[in-house]
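Spelled out, the chains give:
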Amino acid sequence: MKIKIGFIGAGTVATTFAIKLAEGGYPVVAVADPDSELTRRMAHRVQGCRVFTANQAVVDAADLVIIATWDQAMAEVINQLSWREGKSVVHTSGFFGTDILEPARQAGAYVGGFHPAQLFANLDQALTALPGSTFCLMGEPPLLDTLKDMVTALQSRYIVLRPDQKPLYHVALAFACDFTMVCVKICTELFQKFGVSSPEAIKAVTPILRGAVDGITTLGFPDCFSGPVTRGDLSVIGKHVSTLEENAPELTALFKTLEKHIVPMALAKGTIDEATAQKELDLLR
Ligand SMILES: NC(=O)c1ccc[n+]([C@@H]2O[C@H](COP(=O)([O-])OP(=O)(O)OC[C@H]3O[C@@H](n4cnc5c(N)ncnc54)[C@H](OP(=O)(O)O)[C@@H]3O)[C@@H](O)[C@H]2O)c1
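Residues numbered from 1 in each chain as written. Predicted model: local features only at pLDDT ≥ 70, side-chain atom pairs only at ≥ 80, totals over all residues. Heavy atoms only, no water.

Bridge count between strand β7 (residues 134-138) and strand β8 (residues 157-160): 4 bridges; the pairing is parallel. Bridge pairing links T134 to R157 in β8. In this region the chain leaves β7, passes through helix α7 (residues 143-153) and returns to the parallel neighbour β8; the handedness of that crossover is right-handed. (Pairing = 2+ DSSP bridges. Helix = DSSP H or I, 4+ residues; strand = E, 2+ residues; numbered from the N terminus. Right-handed = clockwise from strand over helix to strand, strands pointing away.)

What follows deals with the pairing of strand β2 (residues 28-32). In regular strands, side chains alternate between the two faces of the sheet. In terms of residue burial, β2 counts as a mostly covered element, since 5 of its 5 residues are buried. Bridging between strand β1 (residues 5-8) and β2 involves 4 bridges; their strand directions are parallel. Bridged to I5 within β2 is V28. Between the parallel pair β1 and β2, the chain is carried across by helix α1 (residues 12-23), and the sense of this crossover is right-handed. (Buried < 20%, exposed > 50% of the residue type's maximum accessible area, 1.4 Å probe, protein only.)

Applying the stated criterion across every chain yields a total of 0 disulfides. With no disulfide of its own, C183 lies closest to C187 among cysteine sulfurs, the gap being 9.3 Å. Taking the relative accessible area as the measure of exposure, C183 reaches 34% and is therefore partly exposed. (Disulfide = S-S within 2.5 Å.)

Looking at the element boundaries, R162 is found in the loop between β8 and α8 (166-176). Residue class for R162 comes out partly exposed when judged on its relative accessible area of 48%. As for R162 and G94, which are separated by 68 residues in sequence, their C-alpha atoms are 12 Å apart. A distance of 3.0 Å separates a polar atom in the side chain of R162 from a polar atom in the side chain of D164. (Polar contact = N/O pair within 3.5 Å; in protein donor to acceptor, adjacent residues only side chain to side chain.)

Looking now at the site of the ligand. The environment of the ligand is formed by 25 residues, the closest being V13, D33, W70, D71 and F120. One of the backbone nitrogen or oxygen atoms of V13 is found 2.9 Å away from an oxygen atom of the ligand. Residue W70 places a side-chain N or O atom 2.9 Å away from an oxygen atom belonging to the ligand. Within the complex, 75% of the 900 Å² of free accessible area of the ligand lies under protein. Of all the elements in the fold, those that place two or more residues in the shell around the ligand are α1, α4 (71-79) and β6 (110-116). Across the shell around the ligand, the residue classes break down as 13 nonpolar, 9 polar and 3 charged. (Near = heavy atom within 4 Å. Areas by Shrake-Rupley, 256 points an atom, 1.4 Å probe, with all protein chains shown as cover. Nonpolar A, V, L, I, M, F, W, Y, C, P; charged D, E, K, R; others polar.)

Among the secondary structure elements, E245 is positioned in helix α12 (residues 234-247). According to the relative accessible area criterion, E245 is partly exposed, its value standing at 42%. With sequence-adjacent residues up to four places away left out, E245 is seen in contact with T252 and K256. (Contact = heavy atoms within 4.5 Å.)

And the structure:
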């Protein structure tokens with residue numbers, strides 16, 4: 001018999017989990033959220049899910065409560081609830097450890113974390129993206145075993161971290177997700193300077209972006225790298241810097257910082273020698 005799951009917060013993450021966990025055979029029995037449209041959406045998509053106005057009703061109805069409000073609301077939500085032995089509670093924050101769940105732990109509940117390393121921009125996108133994701137789990141048995149089973153039901157993978165490791169994990173993800181997106185946004189803005197609209201620029205860049213992801217997954221680091229730094233093409237590197245200084249000087253420092261991180265990759269790939277690496281670093285200083 002699978003544990004009964006309840007959600008506090010009915011946003012994109014909670015609703016994606018509720019639908020997918022229900023598909024995986026988990027009874028999703030309760031949800032509460034101030035936004036009644038969102039709770040109705042979850043109840044409509046998940047058979048047997050009851051809508052409550054009070055968060056405490058979710059704790060009372062479920063064996064495992066998943067708190068998926070905004071990060072800022074979590075501590076207050078947890079402090080306002082009564083917990084008891086045998087209950088389990090996890091949050092979906094990428095940043096928090098288990099400290100904020102301390103009131104529940106002190107009351108005898110099992111506490112942990114259940115964070116998907118995935119982007120949840122809207123429900124349709126998230127339902128498609130979730131399978132194959134990696135979850136960051138926190139907790140101890142028996143809750144940890146339950147969370148591992150849930151990850152399997154979500155056709156995903158997991159890593160287990162200590163609470164004190166979570167902030168670094170969360171910062172690391174910003175490099176893979178947020179900064180990739182912001183770099184593509186910068187690219188489209190530069191395209192507009194020579195008259196290519198943002199939608200056209202996105203279309204133009206998407207294949208090279210896919211190529212980059214494929215390169216990382218099939219070739220790995222450092223073999224996936226190509227480009228002037230990897231080739232040791234000092235004159236092009238210098239012209240890139242001066243072109244940016246003329247057209248978008250505010251980007252020059254960022255450009256140099258990122259290019260410098262490619263130099264050790266080129267050395268590891270064996271396409272440049274130490275002397276060329278030093279000349280590249282001098283150019284990018
Ligand atoms: N979005 C992502 O890509 C992503 C990825 C991984 C993890 N996460 C984490 O997942 C959590 C939820 O993210 P999300 O994107 O699903 O956020 P979201 O769509 O904004 O949903 C959060 C929901 O929590 C509700 N809420 C706020 N205060 C509440 C309270 N006191 N009691 C009950 N519900 C309350 C909000 O309702 P109102 O709007 O009515 O206030 C909102 O519907 C966050 O911890 C986030 O860090 C997000």
